[in-house]
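As a plain string of letters, each chain reads:
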Amino acid sequence: MLKESRLKARAEGGVKELLEYLGEDVSRPGVVNTPRRFVKAMEELTRGLREPPPEVVFFPLEYEAEVGPVVIENIGAVSVCEHHLLPIILRISVAYVPGDGIPGLSKVIKLVKWAAARPIMQERFTEWIADLLMEKLRAKAVYVKVCGVHMCSFIRGAKDEHHSMTTEAKRGEINVRLRCKRPLSCR
Ligand SMILES: [Zn+2]
């Protein structure tokens, strides 16, 4: 615990130094607590690095049938890009063929949000989340579609607010169409 608070103080000190480097007056009342708030905000955006994944609960089907694909579209999630630590606003659509038990809907959504809460590269994240869902949902097949708006190309670099990036990954046999709305869409 002591080690943790020392590391936190160092992280806050680092943010203060960054602000000084940028030319900000760090004694100004408006920014005097900004390093603490910034570290706290980053903790929230990367909680998946430290918190365990939400435990998925399974329900019996209680019916003689092979369950077809389950589709959950447009789960809202937030990541930060690992190259710039700027937010990525995500919509994630998932489809899966359940195995022995039927996963609870809320837990699937929580698992996806947890998975996103870390620094990511969207291409790798999409492959990883497909494997994660196969394992945690005990699924026979999984299909994931991720649509991201990356602040690092939205507000800096290319400075283009119109584009979005879509990636997808599949495991096993699953034939459904997945749609994924662009995050931050006005309509
Ligand atoms: Zn980036």
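Residues numbered from 1 in each chain as written. Predicted model: local features only at pLDDT ≥ 70, side-chain atom pairs only at ≥ 80, totals over all residues. Heavy atoms only, no water.

Undergrad: Looking at this model, I keep getting lost on the domain arrangement of the protein. Mind explaining?
TA: Where the parts come together, the accessible area they lose is often given as the size of the interface. Here the domain parsing of the protein yields domain 1 (2–45) and domain 2 (54–171). A straight line from the C-alpha centre of domain 1 to that of domain 2 covers 31 Å. (Domains from an automatic or database assignment.)

Undergrad: What's the story with unusual backbone geometry in this structure? I'm lost.
TA: Glycine aside, the phi torsion of most residues is negative, and most peptide linkages are trans. In the Ramachandran plot, Glu62 falls in the positive-phi region, its phi being about 55 degrees despite a non-glycine side chain. Positionally, Glu62 belongs in the loop between strand S1 (58–59) and strand S2 (70–81). Positive phi outside glycine occurs at Arg138, with the angle close to 50 degrees. Position of Arg138 relative to the elements: it lies in the loop between helix H4 (122–136) and strand S6 (141–150). Relative accessible area serves as the criterion here: at 52%, Arg138 is assigned to the exposed category. (Helix = DSSP H or I, 4+ residues; strand = E, 2+ residues; numbered from the N terminus. Buried < 20%, exposed > 50% of the residue type's maximum accessible area, 1.4 Å probe, protein only.)

Undergrad: In this structure, what is going on with the coordination of the zinc ion? I would like to understand it.
TA: Ideal coordination angles are 109.5 degrees for a metal with four donors arranged tetrahedrally and 90 or 180 degrees for a metal with six donors arranged octahedrally. Taken together, the protein ligands of the zinc ion are Cys81 (SG), His84 (ND1) and Cys152 (SG), with distances of 2.2 to 2.3 Å. Motif for the zinc ion, donor spacing along one chain: C-x2-H-x67-C. Residue His84 is found in the loop between S2 and strand S3 (87–97), and its partner Cys152 is found in helix H5 (residues 151–154); the two are separated by 68 residues along the sequence. We classify Cys152 as buried; its relative accessible area is 11%. (Donors = N, O, S within 2.8 Å, 3.2 Å for Na, K, Ca; no water.)

Undergrad: Hey, could you run me through the nonpolar core in this one?
TA: Buried together is how nonpolar side chains tend to be arranged in soluble globular proteins. Of all hydrophobic cores here, the largest spans 29 residues; its most connected members are Ile92, Val94, Phe125, Leu133 and Val144. Within the residue set of this core, elements represented by two or more residues are S2, S3, helix H3 (105–116), H4 and S6. In terms of residue count, H3 provides more of this core than any other element does, six residues in total. Here Phe125 is in contact with Leu90, Ile92, Ala115, Ala116, Ile120 and Val146, once residues within four sequence places are set aside. Counting residues in hydrophobic clusters, the runner-up holds six residues, among them Val97, Ala141, Tyr143 and Ile174. (Core = buried A, V, L, I, M, F, W, Y, C linked by side-chain atoms within 4.5 Å. Contact = heavy atoms within 4.5 Å.)

Undergrad: What am I meant to see in the pairing of S6 here?
TA: Across a regular strand the side chains alternate sides, sitting on one face of the sheet and then on the other. Burial runs high along S6: ten of the ten residues are buried. Burial along S6 is two-sided: Ala141, Tyr143, Lys145, Cys147 and Val149 facing one way and Val142, Val144, Val146, Gly148 and His150 facing the other are all buried. With ten bridges connecting them, S3 and S6 associate as antiparallel partners. In the sheet register, Ser93 faces S6, and the bridge partner there is Lys145. As paired elements, S6 and strand S7 (residues 165–171) share seven bridges and run antiparallel to each other. Within S7, the residue paired with Val146 across the bridge is Thr167. (Pairing = 2+ DSSP bridges.)

Undergrad: Looking at this structure, I do not really get the packing of aromatic side chains. What am I missing?
TA: Both the distance between ring centres and the angle between the ring planes are used here to describe each pair of aromatic rings. As enumerated under the stated definition, the model contains two aromatic pairs in all. Between Trp114 and Trp128 the ring centres are 6.4 Å apart and the planes differ by 40 degrees, which places this aromatic pair in the tilted class. Highlighted residues: Trp114 in helix H3 and Trp128 in helix H4, separated in sequence by 14 residues. Judged by its relative accessible area of 32%, Trp128 falls in the partly exposed class. A centroid spacing of 6.3 Å and a plane angle of 45 degrees characterise the contact between Phe125 and Trp128, whose relative ring orientation is tilted. (Phe/Tyr/Trp six-rings, centres within 6.5 Å; stacked < 30°, edge-to-face > 60°.)

Undergrad: Would you mind showing me how to read the UniProt feature "domain: GTP cyclohydrolase I" (unreviewed entry) in the protein here?
TA: Mapped onto the present numbering, the UniProt feature "domain: GTP cyclohydrolase I" (unreviewed entry) falls on residues 13–175. From the first C-alpha to the last, residues 13–175 spans 51 Å; its make-up is 32% helix and 28% strand. (UniProt positions renumbered as here; feature names shortened; annotations may be inferred.)

Undergrad: When you look at the sheet that holds strand S5 (residues 119–120) in this model, what are you seeing that I'm missing?
TA: Hydrogen bonds along the backbone pair up the strands of a sheet, which may run parallel or antiparallel. Reading across from one edge, S5-S2-S3-S6-S7 is the order of the five strands in this open sheet, with mixed pairing throughout. Two strands bound the open sheet, and with one partner strand each, they are S5 and S7. In this fold H3 packs onto S2, S3 and S5, with an angle of close to 25 degrees to the strand it touches most, S2. (Axes fitted to C-alpha atoms, helices over the stretch in contact; angles between N-to-C directions.)

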